[in-house]
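# Analysis of the macromolecular model
Read off the chains here:
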Amino acid sequence: MQVHAAGEGNKPLISMNGRNLSEKELEFEEHARRELILGRSSFISIDCGIENGNDYTDSETGISYTSGVPNVESGVNMKISDEFLSQTQNYQKLLSTVRSFPEGNSSCYTLKPTANGGGHKYLIRAFFMYGNYDLKSQPPLFKLYLNANEWDEVKLDNASQILIKEVIHNPPTDYIHVCLVNVGSGTPIISALEIRELSNTIYDTMYNDSLILYRRLDEGASSTISNKFQRYPDDLYDRIWEVPDYRPDWEPISTTSYISEEYLENTYKPSPIVMSTAVRPAHGGSLVLSQNVDRNQQFYLYMHFLEVEDLPPTQIRKFVIYLNNEIWSDPVVPGSRPDTVYSTHSVGSTDTLLFSINMTDNSTLPPVLNAVEFYIPKNFPILPTNQSDVDAMISIRSKYGVKKNWQGDPCVPEELRWDGLDCNTNDQGLYSIISMNLSFSGLKDEITFSLSKLDSLQSLDMSHNDLTGTIPDFLANMPSLRTINLSGNKLEGSVPALLLDKMNNGALALSLDGNPDLCLSGPCKKKKSHKQRLIVSIVLPTISCLLGIVIGVAIFKHRIKAASTKGTCDELKKEQGEGGTIVELKKEQLLKTKSTMFKCSEIIEITNTFRTVIGRGGSGIVYLGCLEDGSNVAVKMLSSSSATRGQKQFQSEVEILIKIHHTNLVSFVGYCAEGRAMALICEYMANGNLRQHLSGILTSIN
């Protein structure tokens, strides 16, 4: 029986000693071919040492390998020394290059299987060969992590050693992170990385542990001429079957008989080539399989059986499996369909695993064994970051091209947490991001919507970057956000009203200073650029004939607005937003000074009709204002509740501010004393008042 790689043409998958296949055999071949194509489409196969664009298809397996450059943020590709190329065994193309990670503490490959990882079982395999690529003759030692947990240690003893690490794992989220961690014993390297989707119904464990491969043996392979291992396309799951050492007390047997379609009904789907060979005892009625192990180590075993001989009706093969002299299985009668015998609980706590496969009293033939797999259960206790946060962070990293050590899982393990992040666990035990500091990170462009996916984010610092555009409304709708620092950017436009409301209510600390084009009160009045002024100077003569009409309309509207504003100033909306009515002063109380005097109508426009309250004093309420040049001011209105005492205090404050100037005192901008309306206009201080600093609450909006 020969098995060939599935190609694009009409090459048969299975042929029987060169003869033509029967109709039934052809149906099986077509079924198997569909299984192969389906399996290969879900493969992730990365040759870590090749450059982007140098993808290839392996001639032996038909598996397509791609470069890992898009999946990792660091590292350099290198070639192994020529003297070791001949020692790459069956992996010459795959192991001829490596990716080396000379910089940083950790480097991670981020992979997202097509089936979306969460809830699916995968075989994850990594290849390592040093090959003296750096000409230092110093094979490294480092740690291998899978998502948030340590997977294994990688220790290469010499330049020609080929080391394969394999685990069967069910990740709780869509992403699979394979990380190489430097422990100070040489530069981490990797040759290849493979991920194969498995059926969720196989390789179950008692506590949902992952399974680290210990050995996978094609027991009958010792009878073949070639010691070449079997894998895809012979094995639909691309398991690699090792050729065992020769055992003189075992006799290999094989078959050239057709393997029926019942083979595919076995959910483990062991390789047909592997199952077409077996071993039986050379003498007697028992097969003894012994494996020396660590006493503290537990194992899961999977034994595969298939009848490879054509038995006459008078013959029967029946046997029972014993482990350390205790019955481990029910009686097994191998047939034309592969049988997989395993236990749902681990075995161990001994120095030796001694399996004895004994023929029963009514059996006429000795037992057989086709293949066996040994796995070590591995618990990965640390859960990763929740899926929505991971999606958001990958999008943010891509959007801004963040130049930080942002690789692997954003939150865990804690020693490899992404720079600038702080995390907590949620109700499901998954990690969530609660704080993000991206200050001085060279961020450009607008504030990304991906931030809105971080439902647990409490603090966001994107200060001192080159962010542009407007402040998005979604920031005010993030349920956990309590602190926002966007100072020192190039933001423009108006601040969302809901953000200002949350700040005024004490629910949000907001820092926006250092954004000269940002308007904090009322609609923005954009300054004209030099280009705009030039256009106006050119176009103005051509439209001078329209000025008369425009001026006439403007005068008419001004008179209407003045009349309306006068009424508003007389009433001052009675309540001025959240404040009280304004006290009316006598004429002799009016202040006489050379400082800027504002009209009542200007006060209303500056404060956007007393929209935003930023403080309260003994004599009135302080509002946020914005002058025509875009600068922010604090406008203090004298309230009726202050009466005569408030008027005197008001006048005293004006006189003091006019006469005294100091770097630690706010600058006096002007005042209003029109009828009942009295107001002080001062420089606005963005970093809060003394009470806020002493109480630990800082709300700075410039």
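Scroll up a little and you will see the structure.
Model, not experiment: these values are computed from the prediction.

In this fold, Asn266 is placed in the loop between strand S17 (250–254) and helix H3 (272–275). Within the structure, the side chain of Asn266 is placed 2.8 Å from the backbone oxygen of Pro338, a separation counted as a polar contact. The contact partners of Asn266, leaving out residues within four places of it in the chain, are Arg337, Pro338, Asp339 and Thr340.

Once that is clear, we can look at the pairing of strand S38 (residues 620–626). Of all seven residues making up S38, seven are buried, and the element is well covered by its neighbours. Relative to S38, strand S37 (residues 613–616) is paired through three bridges, and the arrangement is antiparallel. Paired with Val613 across the strands is Tyr623, a residue of S38. Hairpin remark: S38 followed by strand S39 (residues 632–638), antiparallel, with five residues in the connecting loop; positive phi at Gly630, about 90°.

This paragraph deals with the nonpolar core. Among the nonpolar cores identified, the biggest contains 48 residues, and Ile124, Phe128, Leu146, Trp151, Val178, Ile190 and Leu193 are the most heavily contacted of them. The dominant element in this core, judged by the number of residues it contributes, is strand S9 (residues 122–129), at six residues. In this structure Phe128 touches Phe142, Leu144, Val154, Leu156, Gln161, Ile162, Leu163, Lys165, Leu180, Ile189, Ile190 and Ser191, once residues within four positions along its chain are discounted. Trp418, Leu438, Ile447 and Leu451 belong to the second-largest nonpolar core, a separate cluster that totals 45 residues.

As a further point, take the pairing of strand S33 (residues 490–494). Pairing between strand S31 (residues 466–469) and S33: two bridges, direction parallel. Across the sheet, Gly469 pairs through a bridge with Leu491, a residue of S33. Bridge count for S33 against strand S35 (residues 517–519) is three bridges, and the pairing is parallel. Residue Ser494 lies in a different strand from S35, and its bridge partner there is Cys519.

Let us now look at the sheet that holds strand S22 (residues 326–327). If you walk across this open sheet you meet the four strands as S19-S25-S21-S22, and the pairing is antiparallel. Of all strands in the sheet, those with a lone pairing partner are strand S19 (286–292) and S22, marking the two edges. Of the pairings in the sheet, the one linking S19 to strand S25 (residues 352–359) comprises seven bridges and is antiparallel in character. Across the sheet, the residue bridging to Ser286 is Asn358, located in S25.

Pairing in this open sheet of six strands is mixed, and the strands run S36-S40-S41-S39-S38-S37 from one edge to the other. Each edge of the sheet is formed by a strand with only one pairing partner; in this case those strands are strand S36 (596–597) and S37. In this sheet, strand S41 (residues 677–683) lies alongside S39 in antiparallel orientation, the contact comprising five bridges. Opposite Lys636, over in S41, you have Leu680 as the bridge partner.

The first and last C-alpha atoms of helix H4 (residues 387–400) sit 20 Å apart over 14 residues, in line with the 20 Å expected at 1.5 Å per residue. Listed as buried for H4 are Gln387, Asp389, Val390, Ala392, Met393, Ile394, Ile396, Arg397 and Tyr400. As for H4, its buried residues are in contact with strand S8 (106–111), strand S27 (421–425), strand S28 (431–437), strand S29 (444–445) and S31. Directly beyond the C-terminal end of H4, a positive phi value near 60° is found at Gly401.

The residue after Tyr232, namely Pro233, is reached through a cis peptide bond having omega 5°. In this structure, Pro233 sits in the loop between strand S16 (210–218) and S17. At the junction of Val412 and Pro413, the peptide bond is cis and its omega measures out at -5° in the coordinates. The topology assignment puts Pro413 in the loop between H4 and S27. With phi around 55°, Asn208 is a residue other than glycine that occupies positive phi space. With respect to the secondary-structure elements, Asn208 resides in the loop between strand S15 (192–197) and S16. Residue class for Asn208 comes out exposed when judged on its relative accessible area of 72%. Positive phi, normally seen in glycine, also occurs at Asp238, with a value near 60°.

Mapping Phe101 onto the fold places it in the loop between strand S7 (97–100) and S8. A C-alpha to C-alpha distance of 8.9 Å links Phe101 and Ile190, two positions 89 residues apart in sequence. Non-local contacts of Phe101, meaning those with residues more than four positions away in its chain, are made with Val72, Ser74, Gly75, Ser107, Tyr109, Leu180, Thr187, Pro188 and Ile190.

The next subject is the state of the cysteines. Taken as a whole and assessed by the stated rule, the structure comprises two disulfides. Here Cys411 is linked by a disulfide to Cys423, with a sulfur-sulfur distance of 2.1 Å. Taking the sign of the torsion about the S-S bond as the criterion, the disulfide between Cys411 and Cys423, at about -75°, is left-handed. One end of the pair, Cys411, is in the loop between H4 and S27; the other, Cys423, is in strand S27, and twelve residues separate them in sequence. Cys423 shares its class with Cys411; the two are buried.

Conventions we followed
Residues numbered from 1 in each chain as written. Predicted model: local features only at pLDDT ≥ 70, side-chain atom pairs only at ≥ 80, totals over all residues. Heavy atoms only, no water. Helix = DSSP H or I, 4+ residues; strand = E, 2+ residues; numbered from the N terminus. Polar contact = N/O pair within 3.5 Å; in protein donor to acceptor, adjacent residues only side chain to side chain. Contact = heavy atoms within 4.5 Å. Buried < 20%, exposed > 50% of the residue type's maximum accessible area, 1.4 Å probe, protein only. Pairing = 2+ DSSP bridges. Core = buried A, V, L, I, M, F, W, Y, C linked by side-chain atoms within 4.5 Å. Expected span 1.5 Å × (residues − 1). Disulfide = S-S within 2.5 Å.

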